[in-house]
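Inside the fold
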Amino acid sequence: MSNRTDMLNAIKNHLKQNNGNGVRTVTQIREDLIAAAKSLPRLPGVQAVSVTIGRLHGEWVDCTDEAAGSGRGKVILYYHGGGFISGTCEIYRDLAARISAASGARVLTVEYRLAPEHVYPAANEDCLAAYDWLLAEGYSHKDIILGGDSVGASLALMTLITLRDDGKKLPAAAFLLSPHSDLVHLDGESYDSRAELDPTGSRAGNQRILEDYLGDYTGDMPLLLSPLRADLHGLPPLLIQAGDQEVLLSDAERLAERARAAGVQVTLEIWEDLWSVFQMIAAILPEGQQAIGNIGTYVKNIWNLKE
């Protein structure tokens, strides 16, 4: 136990020392994330294939045993995190590869437009466009599962709500890693109770996320940015993973509660002693790989895939 505690404390101390979103520029944040991703071990032999999705850049990562032809097979559409201001396919390549290997499905990551250059609703529009692109390519909605972390998980959730409201066919399921289920009110109990424990998140930091995404947007506060307070009826099954030391813990727990009350099938996993999107460092954190393994099992169960 002491070895695990020492390892977790060392990682958390490193994260705290390198978490300065309030003082770093957007350029610094983007460069630091790239450097952090490059510093971690990666799965060997991963092949990534670039793809153009309308005006967007995307990337296929396939660590499955069988290659799927265009318009056939199962696919995970993954929306990256990064506070709306950062994140690339390259940064998320290793996570996508591990999810692909665990689930037996190809993973498509997409680089939606980032703030502050592109404010609301740019990222929302691009995430919808990526889903529509898959349908146009011949994929069945039943063969698509959405995934995302942090604001990427929020975008996945908002995409589901928008698709439902527009009367469009929904994907088979979604998995959400440390979702911001309410970007507007920031009133979860864990913002206070986990303030000293969370090495990466804070109420002030998440307030900046909202401000960065809204930018010079002058309309009414978009209701879509607070999916926790939206109608959740009719959404597909959800897997939600969060750490019990993150300020977003209440966002995950309240989302699960409200979704279940709306008749949605929800699986909620709270991971002890961990923080937001710990899955990103699965290469050095056993719990990260275990959580990804759970995602793979969940995806296979949704599609009733056999080992």
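Glancing now at the environment of Asp-149. Along the chain, Asp-149 falls in strand S5 (residues 144–149). The class of Asp-149 is buried, set by a relative accessible area of 2%. It is 22 Å that separates the C-alpha atoms of Asp-149 and Gly-215, two residues lying 66 residues apart in sequence. Apart from residues no more than four positions distant in its own chain, Asp-149 is found in contact with Tyr-78, Tyr-79, His-80, Gly-81, Tyr-92, Leu-177 and Val-277. A polar atom in the side chain of Asp-149 sits 2.7 Å from the side chain of Tyr-78.

Our focus in this paragraph is the sheet that holds strand S2 (residues 56–61). Read across the sheet, eight strands follow the order S1-S2-S4-S3-S5-S6-S7-S8 without closing on themselves; strand pairing throughout is mixed. If you trace the sheet from one side to the other, it starts and ends with strand S1 (48–53) and strand S8 (266–271), each paired once. The sheet shows a mean angle of 20 degrees between the axes of neighbouring strands, taken without regard to direction. The sheet contact formed by S1 and S2 spans six bridges and is antiparallel. Bridged to Val-49 within S2 is Trp-60. Those strands touched by helix H5 (residues 151–165) are strand S3 (75–79), S5, strand S6 (173–177) and strand S7 (238–243), and its axis lies near 145 degrees from that of S5. Where helix H8 (residues 249–261) meets the sheet, its contacts fall on S6, S7 and S8, and the angle it forms with S8 comes to roughly 160 degrees.

Before going further, it helps to examine the nonpolar core. Formed by 56 residues in total, the largest nonpolar core has its most connected members in Leu-77, Tyr-79, Leu-108, Leu-134, Leu-146 and Leu-225. Broken down by element, the residue count for this core peaks at nine residues, all from H5. One finds Val-61, Val-107, Ala-173 and Tyr-298 within the second-largest nonpolar core, a separate group that totals 24 residues.

With that settled, the discussion passes to the packing of helix H3 (residues 93–103) against helix H9 (residues 286–303). Where H3 contacts H9, the two axes come as close as 8 Å, and the packing angle between them is 50 degrees. The orientation of H3 relative to H9 falls into the category oblique. As for how H3 packs across H9, the hand of that crossing is right-handed. Between H3, through Leu-95, Arg-98, Ile-99, Ala-102 and Ser-103, and H9, the contact on the second element is made entirely by Gln-289, Ile-292, Gly-293, Ile-295, Gly-296, Val-299 and Lys-300. A per-class count over the contact of H3 with H9 returns six nonpolar, four polar and two charged.

The subject of this paragraph is the pattern of salt bridges. Taken as a whole and judged by the stated rule, the model has 18 salt bridges. Note that Glu-287 is salt-bridged to Arg-4, the shortest N-O span being 2.5 Å. Pair noted here: Glu-287 is in helix H9 and Arg-4 is in helix H1 (residues 2–17), with a separation of 283 residues, a long-range link. Glu-287 gets classed as buried once you look at its relative accessible area, which sits at 9%. Put simply, Lys-168 and Asp-132 hold a salt bridge, and the shortest N to O gap is 3.6 Å. Of this pair, Lys-168 sits in the loop between H5 and S6 while Asp-132 is found in helix H4 (residues 122–136), placing the two residues 36 residues apart along the sequence.

Attention now goes to the confidence of the model for the chain. Per-residue pLDDT for the chain has a mean of 93; in total, 95% of the residues score no lower than 70. Considering only residues more than four positions removed or in separate chains, one finds that residues 67–71, a stretch of pLDDT under 50, has nine contacts.

Our focus in this paragraph is the pairing of S5. For S5, a buried count of six out of six residues is recorded, marking the element as mostly surrounded by other parts of the structure. Residues Ile-144, Leu-146 and Gly-148 line one face of S5 and the alternating positions Ile-145, Gly-147 and Asp-149 line the opposite face, and both faces are buried. With five bridges joining them, S3 and S5 adopt parallel strand pairing. Looking at the pairing, Leu-77 lines up with Leu-146 of S5. Here S5 pairs with S6 via five bridges, running parallel. When the sheet's bridge partners are listed, Leu-146 is paired in S6 with Ala-174. With H5 bridging S5 and its parallel neighbour S6, the resulting β-α-β unit is right-handed.

Inspection of the entire model under this criterion finds seven aromatic pairs. Note on Tyr-120 and Tyr-213: the rings are 5.7 Å apart at their centroids and 85 degrees apart in plane angle, and the pair reads as edge-to-face. Here Tyr-120 is found in the loop between strand S4 (106–111) and H4, whereas its partner Tyr-213 is found in helix H7 (residues 203–214), with 93 residues between them in sequence. Taking 5.7 Å as the distance between ring centres and 50 degrees as the angle between the ring planes, the aromatic pair formed by Trp-271 and Phe-278 counts as tilted. With respect to burial, Trp-271 and Phe-278 carry one shared label: buried. Taken together, the aromatic side chains of Phe-84, Tyr-120, Tyr-213 and Tyr-217 make up a single cluster linked through ring pairs. Above the face of the Trp-60 ring, Arg-106 is positioned so that its terminal group lies 3.9 Å from the ring centre.

What counts and how
- Residues numbered from 1 in each chain as written.
- Predicted model: local features only at pLDDT ≥ 70, side-chain atom pairs only at ≥ 80, totals over all residues.
- Heavy atoms only, no water.
- Helix = DSSP H or I, 4+ residues; strand = E, 2+ residues; numbered from the N terminus.
- Buried < 20%, exposed > 50% of the residue type's maximum accessible area, 1.4 Å probe, protein only.
- Contact = heavy atoms within 4.5 Å.
- Polar contact = N/O pair within 3.5 Å; in protein donor to acceptor, adjacent residues only side chain to side chain.
- Pairing = 2+ DSSP bridges.
- Axes fitted to C-alpha atoms, helices over the stretch in contact; angles between N-to-C directions.
- Core = buried A, V, L, I, M, F, W, Y, C linked by side-chain atoms within 4.5 Å.
- Parallel < 35°, antiparallel > 145°, perpendicular 65-115°, else oblique.
- Left-handed = near helix turned anticlockwise from the far one by under 90°.
- Nonpolar A, V, L, I, M, F, W, Y, C, P; charged D, E, K, R; others polar.
- Salt bridge = Lys/Arg side-chain N within 4 Å of Asp/Glu carboxyl O.
- pLDDT = per-residue confidence, 0-100.
- Right-handed = clockwise from strand over helix to strand, strands pointing away.
- Phe/Tyr/Trp six-rings, centres within 6.5 Å; stacked < 30°, edge-to-face > 60°.
- Lys NZ or Arg CZ within 6 Å of the ring centre and 35° of its normal.

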